[in-house]
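Report on the structure
Single-letter residue listing:
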Amino acid sequence: MNNIKMSVRLVMAFVLVALLGAGVSLFAIRNMSALDDTDTTLYEQEIVGLSLAKEANVQRYAWAVGLRDAMLATTPEARAAAIKRMNDWRAWSHELSALAREKAQDDPQLQAAFKKLDELWKADQQASEGLMKLLAEAPLQAAHRCWPTCAIRWCSPGYLR
């Protein structure tokens, strides 16, 4: 090594460092590819499924808003429209929940959560059927002069005078 010229030693050191850099770069690129695949799987399975479950919950709350609208309806047409919206929102909530369940097929913990959700849906369905029977028998609300604002704020006794 002492007999080699300085320029050759520098070239050999440069080549050695370049090969070492290339090796580290290949290792990093391969790991970044694996990380990208894992990230894509995480997004497609977990985040999209969570978003679908969240949206199903929002549609469930929209059903409750439809129930309120049906109770406050002043005409048979308004009540029928509210009930139709309720049914549409409930169906959409079930569809979103089924899509979320498909995303969670590989996770036993999530499958157990969906099984519990199914039990809760059954109880909710029975309760909503009972509410629908009561709603069918309930009289329509009488329209009064503050009606356009009732949807925004509740009428106080002083407001009706």
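Everything numeric in this text was worked out from a predicted model, so none of it was measured.

Cut-offs applied
Residues numbered from 1 in each chain as written. Predicted model: local features only at pLDDT ≥ 70, side-chain atom pairs only at ≥ 80, totals over all residues. Heavy atoms only, no water. Axes fitted to C-alpha atoms, helices over the stretch in contact; angles between N-to-C directions. Helix = DSSP H or I, 4+ residues; strand = E, 2+ residues; numbered from the N terminus. Parallel < 35°, antiparallel > 145°, perpendicular 65-115°, else oblique. Left-handed = near helix turned anticlockwise from the far one by under 90°. Nonpolar A, V, L, I, M, F, W, Y, C, P; charged D, E, K, R; others polar. pLDDT = per-residue confidence, 0-100. Contact = heavy atoms within 4.5 Å. Expected span 1.5 Å × (residues − 1). Buried < 20%, exposed > 50% of the residue type's maximum accessible area, 1.4 Å probe, protein only. Bend = angle between axes of the 7 residues up to and from the residue. Salt bridge = Lys/Arg side-chain N within 4 Å of Asp/Glu carboxyl O. 1 Å grid on protein atoms, 1.4 Å probe; cavity = no way out; pocket = protein on both sides within 12 Å on 5 of 7 lines; lining within 4 Å. Points joined across faces, edges and corners; volume = space filled by probe spheres on them.

1. Things to note about the packing of helix 1 (residues 6-72) against helix 2 (residues 76-103)
Close contact between helix 1 and helix 2 brings their axes to 8 Å; oriented N to C, the two are set at 165°. Accordingly, the angle class assigned to the pair helix 1 and helix 2 is roughly antiparallel. In terms of crossing hand, the pair formed by helix 1 and helix 2 is left-handed. Within the contact of helix 1 with helix 2, the residues separate by chemical class into 17 nonpolar, 6 polar and 8 charged.

2. Looking at the confidence of the model for the protein chain
Per-residue confidence for the protein chain gives a mean pLDDT of 83; residues scoring 70 or more make up 88%. Segment residues 156-161 is flagged for pLDDT under 50; beyond a separation of four residues in sequence, or across chains, it makes 9 contacts in the model.

3. What to know about helix 2
Here helix 2 is 28 residues long and its end C-alpha atoms lie 41 Å apart, about the 40 Å a rise of 1.5 Å per residue gives. Within helix 2, burial applies to Arg79, Ala82, Met86, Arg90, Ser93, Leu96, Ser97 and Ala100. Where helix 2 is buried, its residues meet helix 1 and helix 3 (108-137).

4. Things to note about helix 1
Compared with the 99 Å implied by 1.5 Å per residue over 67 residues, the 94 Å span of helix 1 between its first and last C-alpha is a close match. The axis of helix 1 is deflected most strongly, by about 35°, at Tyr43. Those residues of helix 1 that sit buried are Gly49, Leu52, Ala56, Gln59, Ala62, Trp63, Gly66, Leu67 and Ala70. Among the structural elements, helix 2 and helix 3 are those in contact with the buried residues of helix 1.

5. Description of the packing of helix 1 against helix 3
At their nearest, the axes of helix 1 and helix 3 sit 12 Å apart, and the two run at 10° to each other. The orientation of helix 1 relative to helix 3 falls into the category roughly parallel. Seen from helix 1, the contacting residues are Glu46, Arg60, Trp63, Leu67, Ala70 and Met71; seen from helix 3, they are Leu110, Trp121, Asp124, Ser128, Leu131 and Leu135.

6. A few points about the pattern of salt bridges
Scanning the entire structure with this criterion turns up 7 salt bridges. Between Asp69 and Arg85 there is a salt bridge, and its shortest N-O distance comes to 3.2 Å. You can see Asp69 sitting in helix 1 and its partner Arg85 sitting in helix 2, a full 16 residues away along the chain. In this structure Arg85 comes out as partly exposed when scored by relative accessible area, which is 32%. Here the salt bridges do not stand alone but share partners, grouping Arg60, Arg90 and Asp124 into one network.

7. Notes on the environment of Ala56
Counting through the fold element by element, Ala56 comes out in helix 1. Accessibility expressed as a relative area gives 6% for Ala56, which makes it buried. In this structure, the C-alpha to C-alpha distance between Ala56 and Trp89, residues 33 residues apart in sequence, is 9.0 Å.

8. Quick word on the layout of surface pockets
In this structure, the largest pocket occupies an estimated 180 Å³ of space. Around the largest pocket, the lining residues are Ala53, Ala56, Asn57, Arg60, Ser93, Ser97, Phe114, Leu117, Leu120, Trp121 and Asp124. Within the residue set of the lining of the largest pocket, elements represented by two or more residues are helix 1, helix 2 and helix 3. With 5 residues, helix 3 is the single largest residue contributor to the lining of the largest pocket.

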